[in-house]
Amino acid sequence: MSKEIEITLLPGGEKLTASSGASVSEILGKPAAGQSWVAAKLDGQLVDLSKKVEQDASLEAITKDSPEAIEILRHSAAHIMAQAVKSIFPEARVAIGPAIENGFYYDFDVERPFTQEDLEKIEERMREIVSRKLAFSRRDLPREEAMSVFSAMGEKYKVELLEQFSDPTVSIYQQGDFVDLCRGPHIPQTGLLRAFKLTSVAGAYWRGDEHNPMLQRIYGTAFFDVESLKKYLTFLEEAQKRDHRRLGKELDLFSFSDEIGAGMVIYHPKGAIIRHILENFEKREHLLRGYQLVIGPTLLKTDLWKRSGHFDHYRENMYFTEIDGQSYGVKPMNCLSHMLIYKSKMRSYRDLPLRYFELGTVHRHEKSGVLHGLLRVRQFTQDDAHILCTPDQLNDEIKSIIDFVSEVMSIFGFDFEIEISTRPENSIGSDEDWERATAALTRALEEKGFHYFVCEGEGAFYGPKIDIKLKDALDRRWQCATIQCDFTLPERFDLTYIGPDGGRHRPVMVHRVILGALERFLGVLIEHYAGAFPVWLAPVQAMIVTVTDSQLDFARAVCTELRGRGVRAEVDLRSEKLGYKIREAQKHKVPYMLVIGDKEVQGGAVAPRKRDGTQLDLMTSLQFADLVERECLESSKGRVGLNIV
RNA sequence: GCCGGCGUAGCUCAGUGGCAGAGCAGCUGAUUCGUAAUCAGCAGGUCGCGGGUUCAAAUCCCAUCGCCGGCUCCA
């Protein structure tokens, strides 16, 4: 006879009694109509519905609307996929298969890579497994026993995982004839997987290490209902439409050329004007904040890169050239000439902080497989600055950089995430310096009240850093702004200042960028606005379209007048119908179309149409220029009006 | 760099061993039209580049450059 236990049902707090050893689903009872239990939280731990409850506990049901539910479903979908793969390809060895942000994957070791046809077959087999409503059953067993189970099945990757576990007991899950090592929990039975799709297949190294064998990874996604799956697939299609590579072509912003080389951006006129606007905006924002503009060379002697540590730690990413028997490195970073400017004369504590700003073009030989449109290139220009300050000033400097970043990002309307990256393996400098620098960054973020994530071991080789990540159309995060503390370069270059005590002291150096690489920022910006730039950034602000050719002279005069006021205006000269020209301007996402027919010529006016279709009243071209100027100032939060270049 | 896919007109793509195609864009002509596509004609190609197999290669093979999806790495 079993004893009674007390269960506290969350979130309500309702108490009930059950007999010890009852399963979670027995305790929870039948769900309301149209709802079903997916799993549960027992004393805060996620468990299966079949979990036996032995003592007093709190219990919270996980339904498909719970935030944890989708992850459980996707993880179970990965198991079902592995079961399907094993039944079609019995020789396949399974590795790992977790849920990820928008779906799941599973890695397999197979003789030949999967094809698109294979994916269809696997999906078909998964549907069969789902329709059989197989139970997921859990078994706990000693680690050694699990090792012999998996080694008997020839699942060497599972055995390797088990070898590294420290727990004496592990759990395995079985549905049908498929057994997998897994912590769980899972959905109660395969029938809950109603909406899923296998999306792609790709190579992936075992345990993410490039020295390990390459496995075949199948990606998929899953939802509780078909509508959500459809919505997600539609989102992917929409995201493709705002892919900056596609819009870059459609809007004639930039291109790449295999004759020039991979990862080198060619800015077309419309892309170049956006970059000019960004650059001028940046120069002004930096001057306002006490930065000084500097310009350094692209080629620096290799000896200098040896002294800085770049040659030892960054050589494989650098381009080198030799002239007159002298070796030079193409700069991958802008800091060295900034340090030499600092060193060019004696500095007093009264001079500090010194903030050197450079729109610095750098080259980094990124591996060919990582290049990605504007988001990952080999030549790029950073809005780079190096701040040299006393250790006492460090905290204030970092805080004002954080303010700078958040003001600028709010102008563009970006949300961002903050990460702190700590000391990596391949690094220079003393433990003490690393600790001081890491503490300085952390303290500044905490004083500013920002939430942040910690990335252990992901700092630069010379110091820890704060990274700011913006999201692209596919919700992928891209690092743009970064703030890096550096105690080691001032040491290596023997930078000093004279303190109030008359003695020499070592300044601290902060490397930082706000937009990051202008190329990457432009890429993220294109996706962020889906190509419809706000007026202050739009390459063409007004497209003048005439009803017939007879208004062309007036249209040209309007265009000249607008350009005189600094408006970026163009005339569509083609003998096409008005509707056609409107459509063209609309496709190019021009913010304003100025319609000119006989009525406008007689009234000496233009009829503006916004790209959202809104029709404005007739106005003179000068009134229109004022309107554009107001809108520029409004959309740039007062930073940029007309006459920007 | 690694695994897989792909490269045909300015763009989007069809063509899988036997005459290189379509739509859009471009040009010319006609049309002069009021807010998302007027009509007709013309022109446009080293089928990424280089080798090879074959009577014959856009198509099959090798190599190379580039692109795409991932892995690893990073602004």
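Everything here concerns the structure above.
Residues numbered from 1 in each chain as written. Chains lettered and ligands numbered in written order. Predicted model: local features only at pLDDT ≥ 70, side-chain atom pairs only at ≥ 80, totals over all residues. Heavy atoms only, no water.

### Description of the overall build of chain A
Argument step 1. A tally of helices and strands in chain A yields 19 helices and 34 strands.
Argument step 2. Taking the principal axes of its C-alpha atoms as reference, chain A extends roughly 95 × 75 × 55 Å.
Argument step 3. Across the 645 residues of chain A, 51% fall into the buried class.
Argument step 4. Within chain A, contacts between residues at least 6 apart in sequence are counted, and of these 68% link residues at least 24 apart.
Argument step 5. When the accessible surface of chain A is totalled, it reaches about 30300 Å², and 48% of it is carbon and sulfur. (Helix = DSSP H or I, 4+ residues; strand = E, 2+ residues; numbered from the N terminus. Buried < 20%, exposed > 50% of the residue type's maximum accessible area, 1.4 Å probe, protein only. Contact = heavy atoms within 4.5 Å. Areas by Shrake-Rupley, 256 points an atom, 1.4 Å probe, with all protein chains shown as cover.)

### Structural notes on the sheet that holds strand S1 (residues 4-10)
Argument step 1. Judged by pairing direction, the sheet is mixed, and its 5 strands sit side by side in the order S2-S1-S7-S4-S5 without closing on themselves. With one partner strand each, in any of the chains shown, strand S2 (14-19) and strand S5 (45-47) form the two edges of the open sheet. Neighbour to neighbour, the strand axes of the sheet diverge by 35° on average, direction disregarded.
Argument step 2. Across 6 bridges, S1 lies against S2 in antiparallel orientation. Directly across from Ile5, in S2, lies its bridge partner Ala18. (Pairing = 2+ DSSP bridges. Axes fitted to C-alpha atoms, helices over the stretch in contact; angles between N-to-C directions.)

### Some words on the environment of Arg376
Argument step 1. Within the secondary structure, Arg376 sits in the loop between strand S22 (354-363) and strand S23 (379-389).
Argument step 2. Once the C-alpha coordinates of Arg376 and Met264 are considered, the two residues, 112 residues apart in sequence, prove to be 9.9 Å apart.
Argument step 3. Excluding residues within four positions of it along the chain, Arg376 makes contact with Glu366, Val370, Leu371 and Arg520.

### Notes on the sheet that holds strand S20 (residues 320-323)
Argument step 1. The strand order across the open sheet built from 3 strands is S19-S21-S20, with neighbouring strands paired in antiparallel fashion. Each of the sheet's edge strands pairs with one partner strand only, and the pair in question is strand S19 (299-301) and S20. Averaged over all neighbouring strand pairs, the angle between strand axes comes to 40°, with direction disregarded.
Argument step 2. Examined bridge by bridge, S20 and strand S21 (residues 326-330) share 4 bridges and lie antiparallel to one another. What sits directly across from Glu322, in S21, is Ser327.

### Focus: unusual backbone geometry
Comment: phi is negative for the bulk of residues other than glycine, and the bulk of peptide bonds are trans.
Argument step 1. Each neighbour pair has its own omega, and for Gly184 with Pro185 the value is -5°, a cis peptide bond.
Argument step 2. Among the secondary structure elements, Pro185 is positioned in the loop between strand S13 (178-181) and strand S14 (195-205).
Argument step 3. Across the junction of Leu352 and Pro353, the peptide omega takes the value 0°, indicating a cis bond.
Argument step 4. Of note in this structure, Asp43 is not a glycine but carries a positive phi near 50°.
Argument step 5. Tracing the chain through its elements places Asp43 in the loop between strand S4 (37-42) and S5.
Argument step 6. A positive phi is found at Asp324, a non-glycine position, where the angle reads about 50°.
Argument step 7. Mapped onto the elements, Asp324 comes out in the loop between S20 and S21.
Argument step 8. A residue is classified by how much of its surface remains accessible, and Asp324, at 79% relative accessible area, is exposed.

### Some points on the pattern of salt bridges
Argument step 1. Under the defined criterion, the tally for this structure stands at 41 salt bridges.
Argument step 2. Arg245 is paired through a salt bridge with Asp243; the nearest N and O atoms lie 2.6 Å apart.
Argument step 3. In this structure Asp243 comes out as buried when scored by relative accessible area, which is 14%.
Argument step 4. Close ionic contact of Glu519 with Arg275 constitutes a salt bridge, the shortest N to O distance being 3.1 Å. (Salt bridge = Lys/Arg side-chain N within 4 Å of Asp/Glu carboxyl O.)

### Description of the protein's contact with RNA strand B
Argument step 1. Residues in contact with RNA strand B amount to 55 residues; listed here are only the nearest, Tyr205, Met214, Arg376, Gln479 and Arg583.
Argument step 2. Backbone atoms, meaning sugar plus phosphate, form 51% of the atoms of RNA strand B positioned within 4 Å of the protein.
Argument step 3. Within the side chain of Ser368, an N or O atom sits 2.7 Å from a phosphate oxygen of RNA strand B.
Argument step 4. Elements represented by at least two residues in the surface near RNA strand B include exactly S14, strand S15 (214-223), helix H7 (244-250), strand S27 (477-486), helix H17 (578-587) and helix H18 (598-603).
Argument step 5. Top element by residues in the surface near RNA strand B is H17. It accounts for 6 residues. (Near = heavy atom within 4 Å. Polar contact = N/O pair within 3.5 Å; in protein donor to acceptor, adjacent residues only side chain to side chain.)

### Things to note about the nonpolar core
Argument step 1. By size, the foremost hydrophobic cluster in this structure holds 86 residues, and its most contacted members are Phe412, Ile466, Phe521, Phe533, Leu537, Ile544 and Phe624.
Argument step 2. For this core, the element with the highest residue contribution is helix H12 (residues 394-412), accounting for 10 residues.
Argument step 3. What Leu537 contacts, discounting residues up to four positions off in sequence, is Ile274, Ile277, Leu278, Phe412, Leu525, Tyr529 and Arg568.
Argument step 4. Among the nonpolar cores identified, the runner-up in size contains 37 residues, and Phe89, Phe108, Ile122 and Leu134 belong to it. (Core = buried A, V, L, I, M, F, W, Y, C linked by side-chain atoms within 4.5 Å.)

### Focus on helix H3 (residues 116-131)
Argument step 1. The terminal C-alpha atoms of H3, which comprises 16 residues, lie 23 Å apart, in line with the 22 Å expected from a rise of 1.5 Å per residue.
Argument step 2. On its buried face, H3 sits against helix H2 (69-88), S14 and S15.
Argument step 3. Just downstream of H3, Lys133 is the residue with a positive phi angle, here 50°. (Expected span 1.5 Å × (residues − 1).)

### Some details on the side chain of Arg143
Argument step 1. Structurally, the position occupied by Arg143 is in helix H4 (residues 143-152).
Argument step 2. Among the residues examined, Arg143 registers a relative accessible area of 17% and is labelled buried.
Argument step 3. Here the side chain of Arg143 touches Phe165 through a polar contact of 3.2 Å, landing on its backbone oxygen.
Argument step 4. Leaving out residues up to four positions away in the same chain, Arg143 has contacts with Leu162, Glu163, Phe165, Asp167, Pro168, Thr169 and Val170.

### Side note on the packing of H2 against H3
Each pair of packed helices gets described by two things: the angle between the helix axes and the distance between those axes.
Argument step 1. Close contact between H2 and H3 brings their axes to 9 Å; oriented N to C, the two are set at 115°. In this view, H2 runs roughly perpendicular relative to H3, as classed from their interaxial angle. Every pair of crossing elements has a handedness; the one defined by H2 and H3 is right-handed. On H3, the residues touching Ala77, Ile80, Met81, Gln83, Ala84, Val85, Ser87 and Ile88 of H2 are Lys121, Ile122, Arg125, Met126 and Ile129.
Argument step 2. Residue composition of the contact of H2 with H3, grouped by class: 9 nonpolar, 2 polar and 2 charged. (Parallel < 35°, antiparallel > 145°, perpendicular 65-115°, else oblique. Left-handed = near helix turned anticlockwise from the far one by under 90°. Nonpolar A, V, L, I, M, F, W, Y, C, P; charged D, E, K, R; others polar.)

### Side note on the packing of aromatic side chains
Argument step 1. Summed over all chains, the structure comprises 18 aromatic pairs.
Argument step 2. Residues Tyr157 and Trp206 carry aromatic rings whose centres are separated by 4.8 Å and whose planes lie at 65° to one another, so their mutual orientation is edge-to-face. With Tyr157 in helix H5 (residues 156-164) and Trp206 in the loop between S14 and S15, this residue pair connects regions lying 49 residues apart in the sequence.
Argument step 3. Between Phe414 and Phe521 the ring centres are 5.7 Å apart and the planes differ by 65°, which places this aromatic pair in the edge-to-face class. Remark: Phe521 occurs in helix H15 (residues 518-529) and Phe414 occurs in the loop between H12 and strand S24 (416-421); sequence separation between them is 107 residues. Phe521 carries the same exposure label as Phe414, and that label is buried.
Argument step 4. Through a chain of ring-to-ring contacts, the aromatic side chains of Phe281, Phe412, Phe414, Phe521 and Trp536 assemble into a single cluster.
Argument step 5. The ring of Phe493 carries Arg307 above its face, with NZ or CZ at 4.7 Å from the centroid. (Phe/Tyr/Trp six-rings, centres within 6.5 Å; stacked < 30°, edge-to-face > 60°. Lys NZ or Arg CZ within 6 Å of the ring centre and 35° of its normal.)

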